[in-house]
Amino acid sequence: MSVGQRSPSTTILWVVVTVAALGEALNSVIPHPVGALASFVTMIFPLLHGARRYGWRAMGVYLVLVLLVSNALENLSIATGFPFGNYHYTGSGKIFEVPWIIGFAYAAYGYLAWIIGNVLFAEVRRGSSWLTTIGTPVVASFAMVDWDLSMDPSASTIHHNWIWEDSGGFFGVPLANFLGWSLTVYLFFQIFALYLRRSGPQAGERPASSDVQPVLLYAAIAVNFFAEYAHGDRKIVTDALGHTWRTGDIYQTSALTTVYGMVFVAVMAFLRIAQRRATAAETAPATTSRERVDV
């Protein structure tokens, strides 16, 4: 593709990610139907982006892995308390005891964290080293749990999307929840990495989709926690054990963890992308016919 041109699929991805990013950033302050549509677009984006990057077959494998692992461990925890702790969902439309939308949220937001892991550590490709194959899922799992660290107290203690039956020190959320998240997301990231190591794109092959787009969407999700802090109702809420919490404190702590969690991760990813592009520009041969890298 010549300099200055952009493929139609890249343009479509930019349109999709822009709509999703705006919706995620303003999710807490826009009407529910619009917010739900934005969440739907967010869940579509990883499939389109991933299909271009890895192929539809690989993304099918990823989706099945995420849905199976997340649903199995969530249902196991609801029944036994392991690995997340004791809780139950309040919504409907469940697969056993877990709302079906939860699995797709794992898949969508997990894909963003996966790309961040590839950016910050190394791209997992066919024949990748064992250090890359194991290290990238570890980094991606931290990026994913950073989201839950900001999201869980408001989603559970304020909005009661799920109820922590034994409460917990982090505004009603137990430590076990975050350890359970680390285990769950690491497992499906690791299995996907093993699949890519065997059947993914060839090592050295330039990714066919932009790293900027998933990182941008991840950053937009972070913005929503600041919007919630600015506009959320100030009141007193009670958890399952009768502990009371101020919503203003929850929102403020969520904003704080977002700055030093999700925002830090996004900034590091953007800097890493910029660093790689600067290095590539310095080492690329001077030629007017050089192929353009889609952004």
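Residues numbered from 1 in each chain as written. Predicted model: local features only at pLDDT ≥ 70, side-chain atom pairs only at ≥ 80, totals over all residues. Heavy atoms only, no water.

Run through a nonpolar patch on the surface, naming residues and quoting values.
Taken together, the side chains of Ile-95, Phe-96, Trp-100, Ile-101 and Phe-104 define a hydrophobic patch exposed on the protein surface, amounting to about 510 Å² of accessible area. For the nonpolar patch, the element with the highest residue contribution is helix H4 (residues 100–120), accounting for 3 residues. Relative accessible area serves as the criterion here: at 31%, Phe-104 is assigned to the partly exposed category. (Patch = residues over 30% accessible without salt bridge, like charges linked within 9 Å, V, L, I, M, F, W, Y side chains within 5 Å. Areas by Shrake-Rupley, 256 points an atom, 1.4 Å probe, with all protein chains shown as cover. Salt bridge = Lys/Arg side-chain N within 4 Å of Asp/Glu carboxyl O. Helix = DSSP H or I, 4+ residues; strand = E, 2+ residues; numbered from the N terminus. Buried < 20%, exposed > 50% of the residue type's maximum accessible area, 1.4 Å probe, protein only.)

Tell me about the packing of helix H3 (residues 56–80) against H4, and name the residues and values.
Axis separation between H3 and H4 bottoms out at 9 Å; the angle between their running directions is 125 degrees. Judged by the inter-axis angle, H3 sits oblique to H4. As for the relative orientation of H3 and H4, their crossing is right-handed in sense. Contacts between H3 and H4 involve Met-59, Tyr-62, Leu-63, Val-66, Leu-67, Ser-70 and Glu-74 from the first element and Ile-102, Gly-103, Phe-104, Tyr-106, Ala-107, Gly-110 and Tyr-111 from the second. Partitioning the contact of H3 with H4 into residue classes produces 10 nonpolar, 3 polar and 1 charged. (Axes fitted to C-alpha atoms, helices over the stretch in contact; angles between N-to-C directions. Parallel < 35°, antiparallel > 145°, perpendicular 65-115°, else oblique. Left-handed = near helix turned anticlockwise from the far one by under 90°. Contact = heavy atoms within 4.5 Å. Nonpolar A, V, L, I, M, F, W, Y, C, P; charged D, E, K, R; others polar.)

Could you give an account of helix H1 (residues 8–25), with specific residues and numbers?
Helix length check: H1, at 18 residues, gives a terminal C-alpha distance of 26 Å against a target of 26 Å (1.5 Å per residue), a fit within 8%. When H1 is considered as a whole, its buried residues turn out to be Thr-10, Leu-13, Trp-14, Val-16, Val-17, Ala-20, Ala-21, Gly-23, Glu-24 and Ala-25. (Expected span 1.5 Å × (residues − 1).)

Explain the pattern of salt bridges residue by residue, including any values.
All told, the structure shown has 3 salt bridges when counted by the stated rule. For Arg-125, the salt bridge goes to Glu-123, with nearest N and O atoms at 3.5 Å. Judged by relative accessible area, Arg-125 falls into the buried class, the value being 4%. A cluster of three or more residues bridged by salt bridges with shared partners is formed by Arg-53, Glu-123, Arg-125 and Asp-211.

Report on the environment of Glu-205, specifying residues and quantitative values.
Among the secondary structure elements, Glu-205 is positioned in the loop between helix H6 (175–199) and helix H7 (212–231). Considering only alpha carbons, one finds Glu-205 and Arg-125, 80 residues apart in sequence, at a separation of 8.5 Å.

Pulling in residues and values, what's your account of the packing of aromatic side chains?
Applying the stated rule across the entire model yields 19 aromatic pairs. With centroids separated by 6.2 Å and ring planes inclined at 70 degrees, the aromatic side chains of Tyr-62 and Tyr-111 adopt a geometry described as edge-to-face. Residue Tyr-62 is located in helix H3, and its partner Tyr-111 is located in helix H4; the two are separated by 49 residues in the primary sequence. The residues Tyr-62 and Tyr-111 share a single accessibility class, namely buried. Aromatic side chains Phe-84 and Tyr-87 sit 6.2 Å apart centroid to centroid with 80 degrees between the ring planes, which places their arrangement in the edge-to-face category. In terms of burial, Phe-84 and Tyr-87 fall into one category: buried. (Phe/Tyr/Trp six-rings, centres within 6.5 Å; stacked < 30°, edge-to-face > 60°.)

An account of the packing of H1 against H7 is needed here, citing residue identities and associated values.
H7 packs onto H1 with a crossing angle of 15 degrees between their chain directions and a minimal axis gap of 7 Å. Classified by the angle their axes make, H1 and H7 are roughly parallel. Regarding H1 and H7, the two cross each other, and that crossing is right-handed. Here Thr-10, Leu-13, Trp-14, Val-17, Ala-20, Ala-21, Glu-24 and Ala-25 of H1 come into contact with H7, specifically with Val-212, Gln-213, Leu-216, Leu-217, Ala-220, Ile-221, Val-223, Asn-224 and Ala-227. Considering only residue class, the contact of H1 with H7 consists of 13 nonpolar, 3 polar and 1 charged.

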